[in-house]
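Below are the chains, spelled out letter by letter.
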Amino acid sequence: MSSGYVHGYHERENQRLSDQAGTLEQLLHGDTRYSAGSLVLEAGCGTGAQTVILARNSPEARFVSVDISPASLEAARRRTEDAGLTNVEFRQSDILDLPFEPQSFDHVFVCFVLEHLARPVEALLSLNALIRPGGSITVIEGDHGSTFFHPDCPEARQAVTCLVEAQKRSGGDAEIGRKLFPLLIEAGFGGVRVSPRFVYADASRPEMVEGFTRKTFAAMIEGVREQAIEAGLMDAAAFDRGIAGLYRAAEPDGVFCYTFFKAVAGV
Ligand SMILES: C[S@@+](CC[C@H](N)C(=O)[O-])C[C@H]1O[C@@H](n2cnc3c(N)ncnc32)[C@H](O)[C@@H]1O
């Protein structure tokens, strides 16, 4: 997985994930709280951008955060230490081969991970087995097919499609958000509830324009420039016009829209 991970593990990508987490905190996590004493598995914690939010919002819950990348785990460990959080333990592990007893967690949390997996249902089945009866799973994923903006720019749309295609070639699915409901049903979860979380950014919401349109979304598409060009998906000049088109939507008369999907289900 590490070599095929479409966004890579660079410092710039770490910064992008932090900007994303900070900007979207209320929208994505405002309704996630875990009760005192509960044990929560965060699967695919990356550099801890969501970990610090979860652990801070539920200070009396305990978190075990796992990722396949040792470097990301180290960054996540530092980040939680810097935040003064003591309720998180980190373990290096593959979601498909987790070293835990069945039914050993009250809750599982997964954010922006299934989109990178070739077999998301298998991952969900393995997570399902770890949850105690009465427990829950929360899954948050984006869906790049939900992107629209003004002014329109065909090359910007094509650049977004390049990421969708690059992710598909790495075995992932950048349009997985809309599929959370059937995926969770297939993995045997019950009471599945999916809520779309709509991001809307115009000049009246400067923090969304800066934090999401520019620093999260346009930066993410920029991050696949070399892959897209090397794969012959777009030529360099057209790709750069596409990136300019995305940043154009962050100008004072521009508008940017995107939808995340958040699912909560039981076992
Ligand atoms: C886009 S990052 C998201 C990280 C974090 N959840 C966040 O929202 O900031 C995806 C993470 O999933 C991890 N990952 C991918 N496949 C994995 C697997 N099979 N087992 C564990 N972690 C995995 C990657 O190493 C990466 O850190």
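Refer to the structure printed above.
Throughout what follows, the structure given in this document is the object of discussion. (Residues numbered from 1 in each chain as written. Predicted model: local features only at pLDDT ≥ 70, side-chain atom pairs only at ≥ 80, totals over all residues.)

1. Let's talk about the overall build of the chain
Check the secondary structure of the chain and you find 10 helices and eight strands. In summary, the chain has a C-alpha radius of gyration of 18 Å against a globular reference of 18 Å for 267 residues, a match within 12%. Based on the C-alpha atoms only, the size of the chain along its principal axes is roughly 50 × 35 × 35 Å. Across the 267 residues in the chain, those meeting the buried criterion constitute 45%. (Helix = DSSP H or I, 4+ residues; strand = E, 2+ residues; numbered from the N terminus. Rg over C-alpha atoms; globule rule 2.2 N^0.38 Å. Buried ≥ 20, exposed ≤ 12 C-beta atoms within 10 Å, placed from the backbone.)

2. Concerning the site of the ligand
Lining the immediate environment of the ligand, one finds 22 residues, of which G44, G46, A49, I68 and I95 sit closest. Of the residues in the shell around the ligand, the class split is 13 nonpolar, seven polar and two charged. (Near = placed C-beta within 6 Å. Nonpolar A, V, L, I, M, F, W, Y, C, P; charged D, E, K, R; others polar.)

3. Looking at the environment of G188
Within the secondary structure, G188 is located in the loop between helix 7 (180–186) and strand 7 (190–201). Take G188: there are 13 C-beta atoms within 10 Å of it, and that puts it in the partly exposed class. When the C-alpha atoms of G188 and K168 are compared, they prove to be 25 Å apart, with 20 residues separating the residues in sequence. Leaving out residues up to four positions away in the same chain, G188 has contacts with L125 and N128. (Contact = placed C-beta atoms within 7 Å.)

4. Examining the environment of V64
As for its placement among the helices and strands, V64 is situated in strand 2 (residues 62–67). Residue V64 is classed as buried on the basis of its C-beta count, with 20 C-beta atoms lying within 10 Å. When the C-alpha positions of V64 and D152 are compared, they lie 43 Å apart, and in sequence the two are 88 residues distant. Those residues within four positions of V64 in sequence are excluded, and the remaining contacts are L41, E89 and R91.

5. Topic: unusual backbone geometry
For the peptide bond that leads from H150 to P151, omega is 0 degrees, which places it in the cis range. Tracing the sequence through the fold places P151 in the loop between strand 6 (148–150) and helix 6 (154–169). The backbone phi angle of Q103 is positive, close to 55 degrees, even though this residue is not glycine. Here Q103 lies in the loop between strand 3 (88–92) and strand 4 (105–111).

6. A short note on the pairing of strand 8 (residues 255–266)
Note: strand 5 (residues 131–141) against strand 8, six bridges, orientation antiparallel. Within strand 8, the residue paired with I137 across the bridge is A265. One ladder, built from three bridges, connects strand 6 with strand 8; its direction is antiparallel. Each residue of the ladder has a partner; that of H150, found in strand 8, is V255. Sheet analysis places strand 7 next to strand 8, joined by 10 bridges and oriented antiparallel. (Pairing = 2+ DSSP bridges.)

7. Quick notes on the packing of helix 3 (residues 49–57) against helix 4 (residues 70–82)
Where helix 3 contacts helix 4, the axes come no closer than 9 Å and their chain directions differ by 35 degrees. Helix 4 is crossed by helix 3, and the crossing has right-handed handedness. Each of T51, V52 and A55 in helix 3 lies in contact with helix 4, whose residues at this interface are A76, R79 and T80. Residue composition of the contact of helix 3 with helix 4, grouped by class: three nonpolar, two polar and one charged. (Axes fitted to C-alpha atoms, helices over the stretch in contact; angles between N-to-C directions. Left-handed = near helix turned anticlockwise from the far one by under 90°.)

8. Some details on helix 8 (residues 206–222)
Look at helix 8: only 21 Å from first C-alpha to last across 17 residues, short of the 24 Å you get at 1.5 Å a residue. The largest bend along helix 8 measures about 30 degrees and falls at T213. Listed in full, the buried residues belonging to helix 8 are M208, V209, G211, F212, T213, T216, F217, A218, M220 and I221. (Expected span 1.5 Å × (residues − 1). Bend = angle between axes of the 7 residues up to and from the residue.)

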